[in-house]
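Examining the three-dimensional arrangement
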Amino acid sequence: MKTKIIFTILLLLLSISFYAQEKKLLERKEQILERKEQIKEQIYALKVAFISNNLSLTSTEAEKFWPIYNSFEDKQFELKHQKSISNIKKMNYDLLSKMSDKEALVVLTQMEASEDELFQLRKKLIINLKSVISPVKIIKLKKAEDEFNKKLLQQYRNKGPRR
């Protein structure tokens, strides 16, 4: 009888302990996701400032430019995110070594389609921006994006921003 009570108490204590650990893990995961979102927002704010500085948009241009550009960025992020998740699953070396040529062709076709979607999205951005900013500023936008990405990558390699 006593062993049943002790066993029941032990089970109860273990379940409470597991519940507490699971709760801590979930809280930590939420903190990490929140921090990632903050970093993403900081990077985007820096990108907006960098592009604004390089394009010298008038207030009228900026009013029309940013909704178009933000929509493009959102769609581009979603496409790249979907593509990267899909490719990560397929690019496992164990799977690649077992993949047939037929399966590889399917993957290549999907990769080409993703790249084409990104290209068409960029093309649509340029078409939409032609009525908002000059062709020179559109070219400056591409150059500013490339420079910003290069600086961001350099800071990442150097383990954070320089102060």
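Structure's up top.
Description of the structure in this document. No experiment lies behind these values; they were computed from the predicted model shown. Along each chain, residues carry numbers from 1 onward, in the same order as the chain's sequence is written. Totals for whole chains, interfaces and linings use all residues, but because this is a predicted model, local features are given only for residues with pLDDT of at least 70 and pairs of side-chain atoms are given and counted only at 80 or more. Each side-chain value is worked out from all heavy atoms of the structure, with water and hydrogens disregarded.

1. Quick notes on the environment of Leu-152
Note the cut-off: Under the scheme used here, helices are H or I runs from DSSP no shorter than 4 residues and strands are E runs no shorter than 2 residues, and both carry numbers assigned from the N terminus. Buried, partly exposed and exposed residues are distinguished by accessible area as a fraction of the type maximum, computed with a 1.4 Å probe on protein chains only: under 20%, between the cut-offs, and over 50%, respectively.
Turning to its location among the elements, Leu-152 is positioned in helix α5 (residues 135–157). Residue Leu-152 is classed as partly exposed on the basis of its relative accessible area of 28%.

2. So, α5
Since the α-helix turns once every 3.6 residues, residues separated by three or four places project in the same direction. The test is simple: Expected span of a helix, by definition, is 1.5 Å for each gap between consecutive residues, and there is one gap fewer than residues.
Under the 1.5 Å per step criterion, the end-to-end length of α5 is 33 Å for 23 residues, consistent within 8% with the ideal 33 Å. Among all positions in α5, only Lys-137, Ile-138, Leu-141, Ala-144, Glu-145 and Phe-148 are buried. Note on α5: the residue one or two positions beyond its end, Lys-159, has a positive phi of about 65°.

3. A short note on the packing of aromatic side chains
The following threshold applies: Within 6.5 Å between ring centres, the rings of Phe, Tyr and Trp (the latter by its six-membered ring) count as paired, and their orientation is classed by plane angle as stacked under 30 degrees, edge-to-face over 60, tilted in between.
Taken as a whole, this structure holds five aromatic pairs when the rule is applied. Between Phe-50 and Phe-148, the aromatic rings sit 5.8 Å apart at their centres with planes inclined by 50°, giving tilted as the arrangement. You can see Phe-50 sitting in helix α1 (residues 2–55) and its partner Phe-148 sitting in helix α5, a full 98 residues away along the chain. Residues Phe-50 and Phe-148 agree in their burial class; the two are buried.

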